[in-house]
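Chain residues, written in single-letter form:
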Amino acid sequence: MGNLIEIRGVSHAYRTKSGPLPVLKNLNIDIPEGSFCAVVGPSGCGKSTLTRLIAGLMIPDAGEVWLHGERVTSPRKTVGMAFQNPVLLEWRTILDNVLLPLEIVAPTMPRSQKEARARELLAMVGLDGFETRRPSELSGGMRQRASLCRALVHRPDVLILDEPFGALDAFTREDLWQTMHQLRAREPFTALLITHDLRESVYLGDQVVVLSGRPATTQSVMTIDLPGPRPLDMLYQPEQVARLAQLRHEIQIAQGREVA
Amino acid sequence: MDWKKVAVPLAAIALLLALWEGLVWAMGWPDYKMASPSDLWPAYLRYQPLFWLYGWQTLWRTVVGLALAVVFGTALGMVMGLSRVMNDALYPLLVGFNAIPKATVVPVVALMFVGHHDFNTILIALMISFFPIAVSVAIGLGTLEPEYRDILRSLGASRVMVFWKIALPKTLPEFFGALKVAVTLAFIGTNLVEIITPHGRGLGHLFQSAQTNSDFPLMFAVLLALAAMGIVLYYAIVALERVFAGWAIRGAA
Ligand SMILES: Nc1ncnc2c1ncn2[C@@H]1O[C@H](COP(=O)(O)OP(=O)(O)O)[C@@H](O)[C@H]1O
Ligand SMILES: [Mg+2]
């Protein structure tokens, strides 16, 4: 299988009042179709910027983003996004929140068909029975599950996750990691996950990309060749502990606290 | 339903009226000096047809002025909330305009559009009440978190779509908060014109002619009628808020 996402020599700078702020510099990442790529890097190094470039919300100053062999120059309907803030719409029920992307992407699809799809996803993440609730009635973890359903409802090729579990407590987070593996087993998507949590990156990623400090460039790529669904206690096996230590070391370098 | 919720405010009103009545009686004030509550109902009955005729004139002009303020204020707020440049350009103008005491604008408008009484009144009601609406819509749209925009923009949705599906409904609670202020302001605007410029329309005119005759019972009866109308207008907005932004009210739904 080929690469679904190719990031080729991407550089980007924001224009700020105090001059240009270079955020990404000659970044290269390949993400094979159907695989899960975790990206870690120091805070403020440009990870969210990377997601916006892949989503086509911005165009890089230099370099190219390729998706399915096509150059990304504008948003496309085959992308799903979820953020640390679940940004659910308070005036809609959970079901109607999940339906939102279909209203844009497939306005002519019959309502019954849309609903069936949304209910199928909600059941997959354990939210069956909560369809008619309002977001404010749900816990943080449940809201994030609903947000994942919304990101997947239109069967995107690419799932972009920008620290979606960052605000959750440790146990809820581990539950959602497992949910992620279950979703992967049933939904065909290629994922890019931004995270601060090294354990999360090793548990979920087929590859872990470490970005250097700003301006971010690809500092290292670790491949984790373990076909999914992974048991949670894999994180305590010596091989994975060694990976975590390695990543920890890489992050220290990225933060400029240690020389390579 | 808790009976105390009704009984306590009613008792408070009754007590206040009793104190008022007692004070006028004790001081021996005649009608041309001060009215007492027992004078109000006869005053109303004496002029009953006028109360309804003038009341209707005040009501419809307030409602039309407010409706225009909603249209104009929302449009202005949208322009300011969606464009940074327009916000920077318009905000000082808006603040400056709002700072002008509207009582000084009434004679100006009356001179500019001599004889167009309904138009003048509605114009003042509009001018006095659009400000909170424009500001609340502008702030609501301007402070939309980027993620809300991005979930739709990343699917190729247009700006208009983002506005209809997310930005507009999300600002409804702030909008209704502003509308509650605006309805009171529009009502003040209408009365201001009716009292200041003599054109023989509205409850303000009835108040004005009562004042000319030192008819205190009638003046107070008009005041109470205006208060009643103000309360009705306010709760009409509250009812609309429950329908359109009920989701934002804690414990509701
Ligand atoms: N729209 C913007 N305009 C100017 N600077 C920005 C903008 N968005 C982000 N930045 C800056 O660019 C840097 C990288 O931002 P971001 O990609 O959000 O980092 P990360 O997600 O890795 O924490 C930060 O220093 C941030 O302050
Ligand atoms: Mg970020």
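Up top is the structure these notes are about.
Residues numbered from 1 in each chain as written. Chains lettered and ligands numbered in written order. Predicted model: local features only at pLDDT ≥ 70, side-chain atom pairs only at ≥ 80, totals over all residues. Heavy atoms only, no water.

1. Brief notes about a nonpolar patch on the surface
Residues B:Val6, B:Leu10, B:Ile13 and B:Leu17 make up a contiguous nonpolar surface patch of roughly 350 Å² in combined accessible area. Mapped onto the elements, B:Ile13 comes out in helix 1 (residues 3-27). (Patch = residues over 30% accessible without salt bridge, like charges linked within 9 Å, V, L, I, M, F, W, Y side chains within 5 Å. Areas by Shrake-Rupley, 256 points an atom, 1.4 Å probe, with all protein chains shown as cover. Salt bridge = Lys/Arg side-chain N within 4 Å of Asp/Glu carboxyl O. Helix = DSSP H or I, 4+ residues; strand = E, 2+ residues; numbered from the N terminus.)

2. Some details on the site of ligand 1
Residue and element names in this part refer to chain A. Near ligand 1, the surroundings consist of Tyr14, Thr16, Leu21, Val23, Ser43, Gly44, Cys45, Gly46, Lys47, Ser48, Thr49 and Arg214. For ligand 1, an oxygen atom lies 3.0 Å from a polar atom in the backbone of glycine 46. At a separation of 2.7 Å, an oxygen atom of ligand 1 approaches a polar side-chain atom of serine 48. Those elements that provide at least two residues to the shell around ligand 1 are strand 1 (3-16), strand 2 (19-32) and helix 1 (47-54). (Near = heavy atom within 4 Å. Polar contact = N/O pair within 3.5 Å; in protein donor to acceptor, adjacent residues only side chain to side chain.)

3. Let's talk about helix 2 (residues 94-105) of chain A
A large share of helix 2 of chain A lies buried, amounting to 10 of its 12 residues. On its buried side, helix 2 of chain A packs onto helix 3 (111-124) and helix 4 (140-152) of chain A together with helix 7 (146-153) and helix 8 (159-196) of chain B. (Buried < 20%, exposed > 50% of the residue type's maximum accessible area, 1.4 Å probe, protein only. Contact = heavy atoms within 4.5 Å.)

4. Some words on the packing of aromatic side chains
All names here are of chain B. Applying the stated criterion across every chain yields a total of 12 aromatic pairs over all chains. With a centroid separation of 5.3 Å and an interplanar angle of 55 degrees, the aromatic rings of tryptophan 20 and phenylalanine 220 are classed as tilted. With tryptophan 20 in helix 1 and phenylalanine 220 in helix 10 (residues 216-245), this residue pair connects regions lying 200 residues apart in the sequence. In terms of burial, tryptophan 20 and phenylalanine 220 fall into one category: buried. (Phe/Tyr/Trp six-rings, centres within 6.5 Å; stacked < 30°, edge-to-face > 60°.)

5. Some points on the sheet that holds strand 9 (residues 207-211) of chain A
Residue and element names in this part refer to chain A. Within the open sheet, the 6 strands sit side by side as 6-7-8-3-9-10. Their pairing is mixed. Every other strand in the sheet has two partners, leaving strand 6 (79-83) and strand 10 (218-223) as the edge strands with one partner each. Averaged over neighbouring strand pairs, the angle between their axes works out to 15 degrees when direction is ignored. Each of strand 3 (36-40), strand 9 and strand 10 touches helix 7 (residues 238-254); the most contacted strand, strand 10, lies at about 175 degrees to it. (Pairing = 2+ DSSP bridges. Axes fitted to C-alpha atoms, helices over the stretch in contact; angles between N-to-C directions.)

6. Section: the environment of A:Phe171
Residue and element names in this part refer to chain A. Structurally, phenylalanine 171 is set in helix 5 (residues 170-186). Taking the relative accessible area as the measure of exposure, phenylalanine 171 reaches 66% and is therefore exposed. For the pair phenylalanine 171 and glycine 141, spaced 30 residues apart in sequence, the C-alpha to C-alpha distance is 9.8 Å.

7. Some words on the packing of helix 3 (residues 48-82) of chain B against helix 4 (residues 84-99) of chain B
All names here are of chain B. Relative orientation of the contacting elements helix 3 and helix 4 amounts to 130 degrees, with a least axis distance of 6 Å. The angle between the axes of helix 3 and helix 4 places the two elements in the oblique class. On helix 4, the residues touching Leu76, Val79, Met80 and Leu82 of helix 3 are Arg84, Met86, Asn87, Leu90, Tyr91 and Leu94. Tallied by class, the residues present in the contact of helix 3 with helix 4 amount to 8 nonpolar, 1 polar and 1 charged. (Parallel < 35°, antiparallel > 145°, perpendicular 65-115°, else oblique. Nonpolar A, V, L, I, M, F, W, Y, C, P; charged D, E, K, R; others polar.)

8. Structural notes on the environment of A:Leu121
Residue and element names in this part refer to chain A. Along the chain, leucine 121 turns up in helix 3. Given a relative accessible area of 0%, leucine 121 falls into the buried group. Residues leucine 121 and proline 101, spaced 20 residues apart in sequence, show a C-alpha to C-alpha distance of 14 Å. If near-sequence neighbours (up to four positions away) are discounted, leucine 121 is found in contact with Cys149, Leu152, Val153, Leu183 and Glu187.

9. A closer look at the interface of chain B and chain A
Of the residues lining the interface, 17 residues belong to chain B; the matching set on chain A comes to 24 residues. Its salt-bridge partner being A:Glu103, residue B:Lys165 comes within 2.7 Å of it at the nearest N-O pair. Elements with a minimum of two residues in the side of chain B that touches chain A: helix 7 and helix 8 of chain B. At 7 residues, the largest contribution of residues to the side of chain B that touches chain A is made by helix 7 of chain B. Partitioned by chemical class, the residues of the side of chain B that touches chain A number 9 nonpolar, 2 polar and 6 charged.

10. Comments concerning helix 5 (residues 102-112) of chain B
Residues and elements named next belong to chain B. Along helix 5, the residues classified as buried are Lys102, Val105, Val106 and Val109. Buried residues of helix 5, viewed axially, fall in a sector of 115 degrees; they line one side. Packed against the buried residues of helix 5 are helix 4, helix 6 (117-142) and helix 8. (Arc of directions from axis to C-beta.)

11. Describing the pairing of strand 4 (residues 62-67) of chain A
All names here are of chain A. Sheet topology places strand 1 next to strand 4; 5 bridges connect them, and they run antiparallel. Its bridge partner lying in strand 4, glutamate 6 is registered against tryptophan 66. Relative to strand 5 (residues 70-71), strand 4 is paired through 2 bridges, and the arrangement is antiparallel. Paired with tryptophan 66 across the bridge in strand 5 is arginine 71. In sequence, strand 4 turns back onto strand 5 through a hairpin of 2 residues, with histidine 68 there showing a positive phi of about 60 degrees.

As far as function goes, none of this settles anything; it's purely spatial.
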